[in-house]
Every structure is written in C-alpha cells, then in structure tokens.
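# Examination of the molecular architecture
Below, each chain spelled out in residue letters.
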Amino acid sequence: MNTSEAFVRTLASSLGAIVIGVLVAFVLGTVAARRGGLYDDLLRRSLEFAGALPTLVAIPLLGRLWPMPVTCAVVLGIHQGLCLACLFRNELEHASAEGFVVAARALGLGASRTHQRHVLPFALPLILIGGLLVVPKVVGVEAALRYVGLDNGASVGGFLVARGGGLGALGAGAVLVLLLVFHHWIERLIGRILRGDARNQADQSCEAQGTD
Amino acid sequence: MLRRVLWLLPTLFLVSLAAFQFFAWTLPPPPQSSPGELPRSAPLPVFVNPHPDNARELALGLMQKVAEGPNERAAAQLAKLGGAALPHILPRLDQLSPTARGRVALALKPLALRMGIATQLELSDPDSASLFWTRFWQDRELDFRPIVVRRLVKRLTERSLALRRDDVIQLDTYALPELVKALGRVRDRTDVERVRRLGLLLAHITQKDWRLAPNPSLSDARRLVSTWQAWWLSEGPNYVALDGISKAIATVTQTRYGRWLRGLPAGFGMREDAAALSGSLGRATLLTLTLLASGAFGGYLLGAAAAVVGASLRGRVPRFLGFCACLGVSVPCLVPALNAGGKGGVFAACCLMLGFGYGAAYLYQRAATLTRRGAPWWPAAPIAGRRVLPVLGESAAACLGLLAGGLPALFVAATVLETAFDLPGLGQSTVHAVRRGDAEWLMASALVLSALTALLQTLSDSVAAALGYRPSVGSGRAALEGLG
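## Section: the overall build of chain B
If you tally the helices and strands in chain B, you get 24 helices and zero strands. By the compact-globule yardstick of 23 Å for 484 residues, chain B is too spread out, its C-alpha radius of gyration being 32 Å. Oriented by its inertia axes, the alpha-carbon framework of chain B measures out at about 105 × 55 × 45 Å. Taking all 484 residues of chain B together, the buried fraction comes to 41%. Here the analysis covers contacts within chain B between residues at least 6 apart in sequence; of these, 74% occur between residues at least 24 apart.

Structure (structure tokens):
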C-alpha cells in the first residue's frame, strides 16, 4: 500500500469514527443525563461491555469479517463515543443544576429550550475535544496493531507510523501538528461560544445577580 | 454504591454471554471431535444444544452399525465406549438376529479382555461370545447401577485392595463419572496416594498413559487431576446416560459456553501452559495494573490540575501545557514511530502512561474549565496553590467522566508500552491470545476488564455525587438514606 492510499484509509477511518463517536456520545449522553435511571444504566452497561472488548482485541477479530477501515471506524467510534458520553452526561447534569438554569426554568422556559440554550453550550466543547482526539486514537490504534503484530499492515493506514524511520516520524509529527492546530481552533471557538450573543450574556448576569 | 456492587455479578454474567457470542462469531470453531476419542454427533453449539451427546444413543447407534455388517471402526468405538454401553446394548442382544448378535458380541471382545472377565478362548467364535455376554448380563446386571458404583469407588478411595480394584475394573467406563469425581482436591500426601490409585484405574479403563511417576509431588498430583478433569469435561458426556432432568440440563451444559462455564472453577489449571501461567500471571497483572493506575490516577489528576492552573493564565505557560498534552495523547503513535523503548524500563513506561493520562485529562478539563471562566465564583487572582482545589472541585465533572470511560484507551497505551519496553504484562498476553485465537484467555481478560470498568465507574459516580455533579446519583442516594 502506498503512502497516499494509507493516508486516505486513515482519514476515512477517522471521519467514520468521529461521526459514530459524536453521534453515540450525543444521543446516549443526553438521554442518560436528562432521563437518568434506566437510560443511565444502559450507558453504564454499554461501557462495561465495550471495556470487556478493548480495541486491540475487537479490531483484529472483527477485521476478519469486515473490511479493516470499516472495523476501525465502528470499533473506535463506539469506544470513543461511549467514553465521551460519560463526560457529556456528567457535564450536562452538572450544568443543569446551575443557578441560572433553575432561574430560566422558574421564569417559564421549557425544559428542551433551557437544555438547548443554557445547558448544551457548557458541554459542547467536550464533544469538540472528543472529536478531535479521535484522530490520534485512530492513528495510534492502527499503529499499535501493526506494532504489536496483530496486523500485517496491508489493510490499515497507521502502519506507516509503526514502520518507524523518517516516514513514521513524519506521520507522528503530522498527527501532533494536527492536534495542536485544531486544539487552538477549538479553544478560540469555546471563547466565541462563551462570549456568545445577548442571550448567553443575560444568563451569566442572572447568576451574577444571584437570581437563584 | 451497594446497588452498583450488587449489580456487578449479573452484569459480568451478561458481559460473559455477549463476549462469548462475539468470540464464537469471530474465532474459528474448535474441532468437532478430538483425535483418538469417541465421535461427536455434531459440532458443539454456542449456547443451546437440542441434541446433547448421550452414552445411550451413542451405544445404540454403534450397535446398529456393527450389527448391519462388518464395520471395524464402529466395533473399535463400541469397545472404547466400554462398560458405559453395556446397560443399553446387552438387554437388546436377544432382539437381534443370531448373525448380528454374534457380530456385536465379538466387537465387545476387547472390552471383556480389558475388564478381565474372559479369555481369548472364551470369545473365539460368535456363538460362544453371544452366550458369554448373555450370561454376563444375567449375573452382573445389578452391578451396573449408580449407587453400586458410588459405594465401590468410595471403598476404593478409602483403602486399595486388589479385589476392590477388580470390582471397579469390571464396571469399566461405567465407573468413570464416580472415579473422576473421587479425584477431588489435592492438599496433602494422603490425597496424592488417592490420586495415584485412582489414576492407575482411570489409565487402565481409558487406555491412556496419564499416570503419576514414582515419588510424585503435590504439584504432580494436582497436574494429573487437572488433566483428567479437562479430559472429562471434554469427553465425559459420551460416557453418561441422560434422562429427564439431566437431559434438560445437558442442553445448556453441553455447549461451548457451558463447557467454558464448567471449566471456570479450575481457572487456567486445565491448560497445557498452566505451570508457566501460574508463575507469571500475578506479576503480569500487577504490572498492567500499575501502568493503568499511573495513567488513570496519576495522569488524570495531573492533567486536571494543570488545566485548572493554565485556564487562568495567558501567554506561554498554557501553550506549553497544551503542547505537552498533545504530546501525551500521541504516546501510542510516537512510541512506535520513534521506536522508543528497550529492555525493562517499568519506570519509563509508567512515566509515559502518566503523560498519556495527562494529555487526555488536560484537554477535556481545560475545555470544561474554560466554560466556567465567567462564573461568579471564578477567582480574580491567578489560580495557584490553595485555589486549585476549589476550582477543580467546581469543574472536574469531565475528568470524572473520563475516569469512568477511559479504561479501553489506557489499555491500548499500556499494551504498546509493554511491547516497547518488553514488559510481560496482561496486554502482551492478550495480544498473544488474539494471535492464537485463545478464547479462554480472551474471556478471562474480558471479564477482568469489564469488572475494572464497573469499579472505576462506581468510583467516578461516587465522587461525582459527593461533589454534587450528578444530581441523579445523589438523589438516589438521598432517597435510600431517607428510607433508612
């Protein structure tokens, strides 16, 4: 497999994993935080089952049945999504108990609208960071599969990193640069979300005035 | 907390079912029959076996084949099935034609010689062989009952006399269930002597060369017991007649999952590499747990604290901390790329795990802390020293979520570092198991990792509830306390 093909495969796996991960995190995290009880238990059991099959076990075994890029995207997406769902759930629950959220509800704003306007902005940055971390995770796991001898390198792109030498260092360096650039961009985005529009500023002032 | 702990066992059971199905789906199936053993009617199903193996049906099937015409393979298998087949075959001998009866009686000749109840001469022709077996059954029918076998084996385990030994040998494979059960546990020299006596009988009946050497040690005896128990777990169902409840139970126990479940109490004692494993398993577990703890507790705590400190600063410090975090999360990429590592180096591996944990926790925690920067409680002065903990206490929900769900990622990093530094941990063993298709090891690792995930989740939720991040968990606890 040549370099460009490996790059395309890793890119495809990463994009697939990001989509699946964000979807899983968003759906399971939101439902577990807002409904709790059975839904929270569902997230917990899913996490325990995913924990039973670490990526280095699940990917090579499932890769015997499915194409490797698809396997990487599905397994890593689900693992990252479940981990992210826990963070998302915690942050949503924490934010929904803040004073200005209680005040907004007391002023007659509906539960869904309060959630969208005042709770979600606190937890969205985590989803962005989680999505960003999928990339090093995909490359890392693909490289690890090659490195520990579970894949012959014919099917995943991360093997270029595992091959070491100049190309490997270049690949790892590219991942690092990508992380730094996107992290910087996400931080600026968080700043923008927090500065936000008039509605968000009004929320902060509710808290400052001790409305709760 | 108590509810979570009580849920652990049912959860592990469900996880074992799901993981077993996954491994059954992805790993190649085990061979239908072991070489040199009795044939199995069909490959073992995964969870439910509607037609479990049974001595009765196997014996009648083999008798039918032998009676139909010369069939050396079936005759040899019938002789191998031995005494367990007699209660099903001998009462039906009269129903066969004289020729067929003669064939069956002659096929049982090796069995008679093994039981020591006849000579070559007595069974030389079909008529005399038929007559011999008919008379044998008239005389000995009452001996082929479970209660008689139990008494005979019990007497033999208490004291070995030639007569008692002969009584058991004359029941042949019909006595196998009781003999294997009587092997029991090996704790002292008396047990070793019992295992030696029973092992000789088992070896004679099954025609296997599994015996104790002169002056055996306790571990030799334990190994022999494990060998017999493993064989019985695999081949035993062929020698036992099923009826009523036992047949219903066998639909579940005579499956791949049932066999794994029944072998669970013996742990890895039944494996060929049991001796090597018993020496290294504890050390490997400790090593991997140390690496995971470095990442989960050391790394996450460091990352969270650094993120809180960095959130109140501007300029080079947060940039440097961010760069270190990106470097940390790239550890599984950087180690193979730079070919880092070498022999030993537990400390270096722990430091790198710390870096990996730091990286993940820093990035999440920084995002969570930045969203709190406009809160009224946010200190005006830079956050350092004593001010770190209260701010961390207000914004650590993300890190606690990571503690609950970050174990799989930590395990990958630990496995890469074990390989890089040539550390014999659980990660490396799991990788070998995947390569060999060792379902037994993979199931064990799945259960351990699942239990570890459950415990970390419980810990994370307890801390989150105590800090007030999770009203749902906290309110559940308050309701329970209110009940008390």
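## As for the interface of chain A and chain B
Counting residues at the interface gives 64 residues for chain A and 62 residues for chain B. Those elements that place two or more of their residues in the side of chain A that touches chain B are helix H2 (37-52), helix H3 (55-62), helix H4 (68-96), helix H6 (111-147), helix H7 (159-162), helix H8 (165-195) and helix H9 (198-208) of chain A. The biggest single contributor to the side of chain A that touches chain B is H6(A), with 13 residues. Classifying every residue of the side of chain A that touches chain B by side-chain character gives 41 nonpolar, 13 polar and 10 charged.

## Remarks on the domain arrangement of chain B
Residue and element names in this part refer to chain B. By the assigned domains, chain B splits into domain 1 (55-143), domain 2 (146-241) and domain 3 (274-483). On a C-alpha basis, the centres of domain 1 and domain 2 stand 25 Å from each other. Elements with a contribution of two residues or more to the side of domain 1 that touches domain 2: helix H2 (55-68) and helix H6 (109-115). In the side of domain 1 that touches domain 2, the residues fall into eight nonpolar, three polar and three charged.

## A word on the nonpolar core
A:Leu126, B:Tyr364 and B:Leu417 are the most contacted members of the largest nonpolar core, which totals 137 residues. The greatest single-element share of this core, amounting to 17 residues, is contributed by H6(A). With residues near it in sequence (within four places) discarded, B:Tyr364 still touches A:Leu87, A:Leu126, A:Ile129, B:Ala398, B:Cys399 and B:Leu402. Membership of the second largest hydrophobic core comes to 51 residues, among which are B:Ala85, B:Leu86, B:Ile89 and B:Leu111.

## Quick notes on the packing of helix H1 (residues 2-26) of chain B against helix H23 (residues 439-467) of chain B
All names here are of chain B. Where H1 contacts H23, the axes come no closer than 9 Å and their chain directions differ by 145 degrees. When you trace H1 past H23, the crossing you get is right-handed. Between H1 and H23, the contacting residues are Arg4, Leu8, Thr11, Leu12, Val15, Ser16, Ala19, Phe20 and Phe23 on the first element and Ala439, Leu442, Met443, Ala446, Leu447, Ser450, Ala451, Ala454 and Thr458 on the second. Split into classes, the residues belonging to the contact of H1 with H23 amount to 13 nonpolar, four polar and one charged.

What counts as what
Numbering of residues begins from 1 in every chain and follows the order in which that chain's sequence is written. Whichever chain is written first becomes A and whichever ligand is written first becomes 1, with later ones labelled in order. The predicted nature of this model means local features are confined to residues of pLDDT at least 70 and side-chain atom pairs, given and counted, to a pLDDT of 80 or more, with totals for whole chains, interfaces and linings taken over all residues. Here a strand is any run of E in DSSP of at least two residues, a helix any run of H or I of at least four, and the numbering for each starts at the N terminus. Put simply, the radius of gyration uses C-alpha atoms, and a globule should come to 2.2 Å times the residue count raised to 0.38. Exposure classes come from backbone-placed C-beta atoms, where a residue is buried if 20 or more other C-beta atoms lie within 10 Å of its own, exposed if 12 or fewer do, and partly exposed in between. Here the contact rule is simple: place C-beta atoms from the backbone, and any two residues whose C-beta atoms are within 7 Å are in contact. Amino acid classes used here: Ala, Val, Leu, Ile, Met, Phe, Trp, Tyr, Cys and Pro are nonpolar; Asp, Glu, Lys and Arg are charged; the rest, including Gly, are polar. The source of the domain bounds is an automatic or database domain assignment. Any set of buried Ala, Val, Leu, Ile, Met, Phe, Trp, Tyr and Cys residues joined through C-beta atoms within 7 Å is what this text calls a nonpolar core. Every axis corresponds to a line fitted to the C-alpha atoms, with the helix fit spanning only the stretch in contact, and the corresponding angles, defined between N-to-C directions, vary from 0 to 180 degrees. Note: crossing handedness is left-handed where the near helix turns anticlockwise from the far helix by less than a right angle, and right-handed where it turns clockwise.

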